[in-house]
Structure formats: C-alpha cells, structure tokens
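# Structural overview for review
One letter stands for each residue in the lines below.
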Amino acid sequence: MADSLGQAMRRIKLTINGRDFEHEVDSRLLLVHYLREKARLTGTHVGCDTGNCGACTVIFNGKAVKSCMILAVQANGAAITTIEGMAANGLHPIQESFMDKFAVQCGYCTPGMIMSAHGLLAENPNPSEKEIREAIEGNLCMCTGYQQIVEAISQAAKKIGRSEKTKP
Amino acid sequence: MFPNRFEYLSPISLEETLSLLSNHRDEAKLLAGGLSLISLMKLRLANPKYLIDLGRIADLNYLRDDGDKFSVGALTTYAQIKESEPLRNKCPLLPQTASVVGDVQVRNRGTLGGSLAHADPHADMPAAILALEAELKAVGPSGARWIKADDFFITLFTTALAPDEVLTEIRVPALDGERSAYLKAARRPSDFAMVGVALRLKIGQDQTCEKIAIGVTGVTDKPYRGVGVEKALKGEKLTGKIIEEAAAQVTEGVDVIEDVNASKPFRSHLARLYTTRAIQSALQA
Amino acid sequence: MMKLDEILVTRNWVGKPVRRKEDIRLVKGEAAYVDDLNMDCYQAAILRSPYAHARIHKIDLTKAQALKGVVAVLTGQEVARETKPISARAITRPATQYVMAADKVRYVGEPVAAVVAEDRYIAEDALDLIEVEYEPLKPVVTIEDALKPDAPLVFEEAGSNVLMHDKMQHGDIEQAYREADLVLKENFKVHRYSSTPLEPWAIIANYERASDSFVVWSNDQQHGRSLTNVCNTLGIPIHKLRLIVPDIGGGFGIKLALWPYIVILSLLAKKVSKPVKWIQTRREHLLAGSHAPDANVEIELALKKDGRILGLRMTDIQNDGSFVHTAGIYGLIKFATMVGCYTIKAMGTELLSVVTNKAPTVQNRGVGKPTMIFVLERMVDIAAKKLGLDPVEIRLRNFVQPQQMPYTTPSGEIYESGDYPQCLKKALDLIGYEELKRHREEGRKKGKYIGIGISAGVEPGTSNLGYYYTARGTPEYTGNAEGAIVGIDYDGNVNVLLGSVDSGQGHATTTAQVVADMLGINPDQVSMNAHVDSLISPFLGHSGVYSNKFNDVDLGAVIMATKKIRDKMLRIASHALGVPEGELALREGKICSAKEEEKAITFREIASLAYKKILFLPEGEEPGLKAIAYYRNPIAKLPNRKDFNIQLTHANSVHVAVVEVDVQSGTVNFLKYGIVHDCGRQINPGIVEGMAIGSTVHGLGATLLEEFVYNEEGQPLSTTFMDYLKPLAMGVPKFELAHMESPCPYTLLGSKAVGEGGSLPSLAAIANAVEDALQPFGVKVTSLPITPEKVVRAVRETKEI
C-alpha cells in the first residue's frame, strides 16, 4: 500500500498463526486490513465500520478481539491467531462441529464465530448455552439465527473435553 | 471506515507520554483500548494529528489490593476487572459493571481508564465509579493529583483532565458488608445504556439504610450522583413504597436527553424504574 | 411431468441432512468473496450527497485530482452524458434518474462523484477534497408529506410523487360487503428495515482496452437481469460485459440493486489501466444500500358473524424512496398472496408507489409479504376478538382446506398443496398451547404479562417475472426458468454448472444430493461450481438467487440436464454391453444389466468412450458427455390483470410466538417460539432448518429492533450498526421446529419455496403475541417496530402501538 506523504510509516513485526511477518505499514492501517492485504490472510472479514459485527474477530495475545478496532502498528510484537491457523493439525473440532451442525450458511461470519468460540473454550471448556450465547454476542450472523452455531460450539466443547485442551 | 492520517507515537513511559502531550496538547489524543477512539477515527469524527498509544506503558495495567482500597491501573481491561477474584470479593460493583460492558471482544480490549477519560454519556463504568465515590489519579507535567469521582465528569465527552494530563489509576473502596448492583436499560444486552444505575448501600443493624451512593448514566450529558434519591433513603427502612418514592426523584433538576431509543419522558421513566430495580436488586444480593 | 420414481433411481440422499460441501472452505476461511480475490486493483470511493433533496450547482474536483495517489475521477455530469437513465419497471409516470446524480440529489447518500486511487484510504482522503455547491431544497420524507397537494416533487417531470397508482378487483367485492354482518377497518404502519447481509456490496471492474470490453466481478444476486441493465445503461452490446459472481456473503434480496454501481465502476475502469475495486462500507450500505420500503396499509375485512371472511379490501401505500428501478414492485408482490391462507372470495386492491427523499428500496427478503401477513394476521386476530372467537377457531374456519388443493385465489394465484389446518394444529401441539393458555391466565393474576401470538402464512416462491408490468403493459420478462449444464468428466465424476448463484443456501450440496440419487452415486462424486460466469454459465434473464426459485426451476434444470446425460449414458452402455436399455440399472457408479450385475460398465468407462474412444459410440451418437437444459415452471400464466399467478410455488407455515412483556420497561422477552413449516419435499433438512430459523430471526429483528429512522430534513439517523440494531445471540430465543411435507405437484421433486421462510409470518406472530400479552391493558398493535417506549406508552396512555 502506498503512502503518499512519505511519513507516518512504521515497521512492525508480529507472529500470525505461528509464522513471522514483518512489514512497513501506514500508521492508520487497520489490523484487519493488514491481515487481509499485507499478510494475504483473507479469512478475517470486514462487515461493519464501528466494531459491532465481529466478522473481524481474531485471537490477539490469547484474547478474542475485533481486528478492525486495532491499528496494525499496535500489533507490533503481538501473536495473532486467525481462522487460517485453526486447521494446523487437520480440522479443529470447532470447525468439524460447525459442519456437523449446519452452523454455516453464507460463511461470512463463520471465521469470526469460530475464533470467538476458540477464545471461549480456551477459558471455559464446559460452557452452558447461556455462556456460549454471551461469548458470541459480539458476532453478528444474518443467516443462521445463531441456534445451530450454539449447538456446534456446545458439541465442540464436548469433543475437545474428550481430547486435549487446545490453547489459542 | 478509513481514518485520516496522523502521526503515531508509542511512548514506553509515563514521562515520555507527558512530554508528548505537553508538546502537542489539543492536536493529540491518547489511545487506550481504542474501542471508542478508533471507531470515531474510522468515521472521521475524530481526526487527531498525533495519536499517543498508551499500550506500551507497562505499569498502567494492574490490580492492587491496598487494604481498605483497591487500586486499578487505568489500562486494566474490563475482562481483567471482571475476572479478578480479589476485586470480586472486595469491590464487587466494579466487576459487576465491567461484566456487562459490550461483548467479549470489547471487554478484552476496552480499559477502565479509557472509558472514564472518554466520558461517553451512555457508558456503564462511570455510573459505578460515581457510586463507589472513587478517586482518580491524574498525572501531569507538574505532578500527580487526585480527582474525586464527583468532580471528574464535566459534560459530554469532557472530564476534569487537562489536555496535558493522563489518567493513571482509579482507586475504589472495599465494600465491606455493603451490597451493590448495576442495572441498565439497553435495547440489547451488549448495547450502551439508555439508562444505567449503579449503587452501593449498607443496611445497618436496625435495618435502616446506613449508607447509599447512586451513580446514574445515560440520562443526561454526563453521569451523575442521584443525590436526591440518596437523601430520601438514608436512615430509612427500605420498603417498596419508600424506594419508589425516592427513585421518583432521580431526574429532579436533570436535563434529560432525548434520542432514537428514548424520548425525554420515557428516559425519565426508565431512570426511575431502574433506580428502583437497582436498589431492589442490591437488597436481594 | 416426470414422476419422482422416474427421476430418482435411489433414495439415499434426497431428504437427508447431508453435510454441506460448501462448508470446508468456509470454516477454513478460504472462501472467495469479491474482496478476497487476489488481484492488483485500484480502489474506488464514492462521494455521497449530504442532503436529502438539493440541486447541484457546482462540483470541483481539482484538489481531489491533485492528491498523490489519485488516478481518476468521475462526476454525475459525465455519467449523464455517457449513460442512459436507470430503467423503471412498475411505475407509470416518467422519472429520469441516472446511476449518479447530475443536477439534483434525491436522497442522503446518493452518489455524486467517484474517485479512484492507489488504495481506499487515499480515495477517502480525496473525497474530503471534493467541493460541491448544493442548493438545498425542501425534502419530502413521509408518505403523508409526499401526498400533500403542494408537496415538493422528487421527480418534477412526473408531476406527482405518486409514480404508480393502480386499482384492481377480483371476485365480487360489492356482494361480499352486502352479505357481510360486519366490516372491520384498520390502518397499519410498517417501517423501513432491511436484511443487511454481512458482506456488503462488492465490485471489481476491469476494462480490456484491446477488445473494448469489461470484466466485472460482483456479488450480484440477479446477474441474468443485471447484464441487460448494465449493458443497456452503458450502451454496449451484451457480449462486451463478462460478469462473474464468486461467493456471496448473504444476499436476501439486497444484492439485487447493486447493478447501478457496476455501471459506475465500469466507467471508472475505463479511465485506468488496472482493475478498479469498490467495497461498500457498512455506512454506505445502511445509508444508500437499499431498504424494504415503509408502508401505510389500510385494510378492511367483510365478515360474517361466525368469523368467515367474505371479502378483503386493501389500500397499500409504499414509500419507495427514490430508486425508479424498484419503485412499485412491493405492492404487486404483496397483492399476490393477499388472501393469505384463507378462502376469501373477493378482494379489492389499491396500490400506490410514492417516491420520497429517502434511500432506494429493493426487494428485501419477503418483498412486502412480511407486511402483508402482518396486516392480514393482525386483522384476523382483531376480528376474532371482536366476534368473541378464539384466534385458532377463526383461522380454522377460513383456511383453505387440504381437499381444495390445488386452490386458485381470486386473483389467479395457485396454491398447489398444503394442509393449513393440520399445520396449525401441529404448531399448537408443538408449543403446548393449552398448557400455555393456563400459564398465561395464572401469570395475569400475578402481574406477569404473557402473550401467545399465532400467525399462519403462505410462503411463495419463484416469481413469475412480468408481474411488475401489470400496471404498465407489455412485459419484458415472463414466467421463470433456469439453466444447468451437467457433465461427466473423464474420471466418471459428475460436474454441474448452474445458471444461478448461491448466497448461503447450500445449492452445491442440494444439487449434489439430487444428482447423486438420479445416477445412483454418492454426492462426493458430484461437484458443482456455484459461481457464475456470464461467459460460460447457462443463464437466462431470470437467472439469479431470489424469490426462492432454486427448489423449483434451478433443480428442475439440473434434473433435466442430468436426465439427458443419464439417457445418453444408458444408450452408450446399452450399446457397449449389448443389453437393451430397459434392462439396465444404475448402481454405484456403474451401469449394469439388472439381471446380471457382472455385465457392467463404469461411468469412467462410459466417459472414456464419449470423450476419447469415440469410434466405439453407437451410430449417430454425438461424442462428449455434457448436457445443457433449461427448465421453466409449468404453471406460470401470462400477465393478465384478471387472472395471474405472480408466485409459482407456495410453501406455508404457522408460527407461534410466546412472549412475556415487562410492562414497566417495555421489553419483550421470548419464552418459546414454535415453527411448523411445510416446504413440500425437503431435499436437505439440515439446510432447511437453518434457513427456517435464520429467516425467522430476520422477522424478530424487524419487529423489535431494526428501523431506518429519518428526521424531518430527510437525514438518516441509522447509519451504523450501533444505531441500526440487529438481533444478537443473547436476544434470540431457541426455536422449536416441526416439519410437514405436502409435495408440490408442479415441481419435479415436489419441493417448494425455502428461503424467505420465517421472515414472512414472524412479524405477525410476535405482534399478535405482544398484543395478547397486553390484553389486560386493552392495547392494540397497528404499527411496527414494537419498541420499549411504544409498549410503555401504549400501556399507560395511548392503548395503541
């Protein structure tokens, strides 16, 4: 991306899905745009302007955050997990469960939902339905009405509980 | 969606921050969690020339039990406050309120200091801070000073902080034997408060209200203390009737705001209703 | 028409909740939405009008052009010179409008200029440098304002703000009124809302100088028509535009209106030497990305004392904003199933399309039917109350009975199948109606206000295009149809290319299930590219994903094309095996002798003959193993004001909403929500259930949360997702569902509309429930949305929401 005034550029170094990235970025570049355009990880999506939809949710230093509300320069030194990092060892149980439960329709909210679910299950391995809904309250879905997503996360929790706990 | 240009500054110490603020004053804005500021910058409603990121300053994020008080670093996140067991034991109103701010992602990034300094009239935390009669530490070029919560909020998005000051710490009391509650009227659970009422109260041996402090948000251009309600309840046995009569005063002398979610009369009604309900909730706690 | 047994040779997949093929890419974040396509692009940004109504006197782009990184600019003046006005469909008065405002703006957010730059950040900077001199004019915002005799005109040349005014009568409405014991009249007001797909509009346009042609990638829902619209507007022949539609992140009808921006992007692309990308921001989407119109509906029911509805009169006034292409459409779609599930023999309709200085409208999910069902089902409840009848009883008394199916309504709509009484009874059982009524009564004694709301609705599908010419005359489109190409590849696997796209409905999976059962194979052996490329996809003018047409004509085309392939494979197999065709069977990827299974030939071997060893083919048989078929719905009538079916399949459902209203805070909480729906034969129940729930949540949002608010200056106040409130997980109940299957006799598989689903009856169900809950206070619900303030006001003083 060009910087027409030749100023306000900063060098950032960060880890995404275990891989090192280093770029010169415009200070005003949003993290979500950095992920999509510089790191070429287009699984993280933009769905709104005001941090309300959660389509841009990633795990940032262990916590689920909205990457559209963070500047890329703030991510210097951070460790980020995006949806692309979830299937490192074959499909993650959350991903499998989303498929089992028909929790995906158009797919646009799906990466954000999965990352929020991932953040939840790392801290609360056995969430109630209420806790699941609370965990995805910041993730807007226009297609599913949430029910099958909640069922998928619940099923994933049981699956993961039976095997090793996965840290974000 | 696309902020204007600015120069990004990321000091690693408070001293450095103060020096930058002194140099740039009104042209600079401090960045904490970014949830309010970055949103405004994306809509180009805020266009600072200098953005000073507090995120690299290590010693602004802490939770410290100081005996009869609890000190919270300004950059402590809502999530950290919500999950702090010591805080839940000592001053539950703070984590109670933090746990209903926004959603998980908001709570993972948003900070107490950021919320208070931003002074959104619909924010939740200011109500709790007022009810807790907290003390806020402002550090400027000439040193540190403590601002009482009651003196902190001036008007819409305006606090008692000078342009060259940084809010560094919030000190809340230990609610020893006190009950507390925060209730808000919102269109959806994760929304800002149409009306939010935070309170703490102590019931004495004789079953009367020994102490009460109420913080109200969402009703006018700034959060405020429901002093009229407090006066009416102090020393009284808190029956349903007394609570309702007292709550009716919560908007006395207040210029109630109006927006798409609530007209003046409806907002006033909600203020009275939620004051009543918050008191009842605290009593049942 | 082929019987099911002739179509399907196995029943292993159709009807089963087969895991979706689409999902693996989507859960891995490997989808290909327009903004994901890896192309080196310039980025465009659009300057939009800050006024609802104003003349443009001057526009100065010199500073914007001078900004480093800006490579092209465009104004409305140029657009008006280079392009034709936007085509209108349903309106009958002249109204000239270009894809970009030239001398006048008619809504806040209307495009006024555009900029192309190295990146979007710079493009937005450039917008801030464009200077426009506006002369603000008095805006018209509400229907009432627009209808005043001295109202400012949105389109001066129209001479009025009413761009369509039509009256129709079907059946003998005067007689119905004469015979009636009672005539009930109400006025309803429904607000503006929208499905707001999470992926906004997105376009990449590339101009190929050498051939003077365009390649466009866009998440357009109706490419069949967009191609025509864009080419006509640009004044270029069809073959000069190649339109490619990749993955779509939700459509819901909202992506039917983006073609004017394809025109804008094409003009921009022509000025530069790289593709130009425009991704709509959420603010742009809420501001100017198309809404469902607000409407004032006056409705009268002519009734007998015993609750039978003899006649129905409706005056429907739509606030169509300011987009001539879609103005007028809603009224006609509404009118199609005006009589709902009932045997109402006479109907009088008056439809008005009013333009105002509000944002454009588009065929949002349901296209007026949510409003229509809201109005009708509310009236039925109001009538029940008036006559002292149970809301269940009055419906049962008026329902079209199963033995009357197929049933033709007075206007010519054909309800092909369905058991409405059974659907209602099932819904009441599902929800535990009797127990709930007791619970409600007990609650009332304790100051708990519980309400049960019933809504029965027809869910139509497959629009008989041409309906929008009802008021105008000669249609450019009639009926509905789709195309499909089905082929066997060298390996013996099946590939399908459909004329239409997918916006989240799992078309590739559903298609694979059908094809698998047609050929006796496994859906894993059937691949379908759900993208569309106008260069290669077998599309028609009707092609697109809208009006729930997939289960009807899309699958129809797939079936016909697969049948052609199957027939050809049987011919080739017969010749190769020396066994008569009639004695052959398809088993597990082979064609074999039904009696001697060892006499078999695999699909792969057949493909080898067809594609390579062509001299071994039967005499007269063409090489290759790919077939194209176009399929049209068989019962579409020609447009005729007296007898016309606007929708060609009709699913139906009953929704029962159970709410508790906090009368002090005005909040409405759900205790239960039951849905019984009948979409004919379900191909994939997992997909159907997801859409039944998701669509119902659209209705929930519309009823309780969402509203596009405008002030008196025509300034929109709901321009972010902080103000325009969508349902989130904590505020949505858990739904209970049950299904029925009344097969459709007019579609090949007996399947019917799925998609708009719950978005139609849910507004009425929730509104009926709220009114029921507030019965002790005598509140009547005649408007939407139902906000906390309206509830509290109604309870305390106005008695009306």
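Here the structure is shown first, and the text comes after it.
Since this is a predicted model, take the numbers as computed values, not measurements. (Residues numbered from 1 in each chain as written. Chains lettered and ligands numbered in written order. Predicted model: local features only at pLDDT ≥ 70, side-chain atom pairs only at ≥ 80, totals over all residues. Heavy atoms only, no water.)

## Considering the overall build of chain A
Regarding its fold elements, chain A presents five helices and five strands. Moving toward the C terminus, one meets the helices and strands of chain A in the order β-β-α-β-β-β-α-α-α-α. For 168 residues, the compact-globule formula gives about 15 Å, and the C-alpha radius of gyration of chain A, at 16 Å, lands near that figure. The dimensions of chain A, computed from C-alpha atoms along their principal axes, are 50 × 30 × 25 Å. Looking at chain A as a whole, 65% of its 168 residues are labelled buried. Across chain A, the fraction of contacts at a sequence separation of at least 24, relative to all contacts at a separation of at least 6, is 56%. (Helix = DSSP H or I, 4+ residues; strand = E, 2+ residues; numbered from the N terminus. Rg over C-alpha atoms; globule rule 2.2 N^0.38 Å. Buried < 20%, exposed > 50% of the residue type's maximum accessible area, 1.4 Å probe, protein only. Contact = heavy atoms within 4.5 Å.)

## What about the sheet that holds strand β5 (residues 111–117) of chain C?
Residues and elements named next belong to chain C. Pairing is mixed across the open sheet formed by eight strands, whose spatial order is β3-β5-β1-β12-β9-β10-β11-β22. Edge strands, defined here as strands with exactly one partner in the open sheet, are β3 (70–75) and β22 (532–533). Pairing of strand β9 (residues 202–208) with strand β12 (residues 276–279) involves four bridges; the strand directions are antiparallel. By the bridge assignment for β12, A205 is matched with V276. Of the strands in this sheet, β1 (42–48), β3, β5 and β12 are in contact with helix α5 (residues 120–128), which crosses β1 at around 30 degrees. Lying on the sheet, helix α9 (residues 259–271) is in contact with β1, β3, β5, β9, β10 (213–218), β11 (241–245) and β12; it crosses β9 at an angle near 40 degrees. (Pairing = 2+ DSSP bridges. Axes fitted to C-alpha atoms, helices over the stretch in contact; angles between N-to-C directions.)

## Observations concerning the layout of surface pockets
The computed volume of the second largest pocket comes to approximately 1100 Å³. What lines the second largest pocket is a set of 41 residues, and nearest its centre among them are R187(B), R188(B), P189(B), N669(C) and M730(C). Among the elements that take part in the lining of the second largest pocket, helix α4 (residues 129–135) of chain A stands out by supplying four residues, more than any other. Residue classes in the lining of the second largest pocket are distributed as 19 nonpolar, nine polar and 13 charged. (1 Å grid on protein atoms, 1.4 Å probe; cavity = no way out; pocket = protein on both sides within 12 Å on 5 of 7 lines; lining within 4 Å. Points joined across faces, edges and corners; volume = space filled by probe spheres on them. Nonpolar A, V, L, I, M, F, W, Y, C, P; charged D, E, K, R; others polar.)

## Section: the side chain of T17(B)
Residue and element names in this part refer to chain B. Here T17 shows up in helix α1 (residues 14–24). Side-chain polar atoms of T17 contact the backbone oxygen of S13, separated by 2.8 Å. Among residues more than four places away in sequence, those in contact with T17 are P11, L30, I52, L54, I57 and V166. (Polar contact = N/O pair within 3.5 Å; in protein donor to acceptor, adjacent residues only side chain to side chain.)

## Notes on the packing of helix α12 (residues 369–387) of chain C against helix α20 (residues 762–773) of chain C
Residues and elements named next belong to chain C. Where α12 contacts α20, the axes come no closer than 8 Å and their chain directions differ by 35 degrees. The way α12 lies across α20 gives a crossing that is right-handed. Of α20, the residues touching α12 (which contributes P370, I373, F374, E377, R378, D381, I382 and K385) are L763, A764, A767, N768 and E771. Classifying every residue of the contact of α12 with α20 gives seven nonpolar, one polar and five charged. (Left-handed = near helix turned anticlockwise from the far one by under 90°.)

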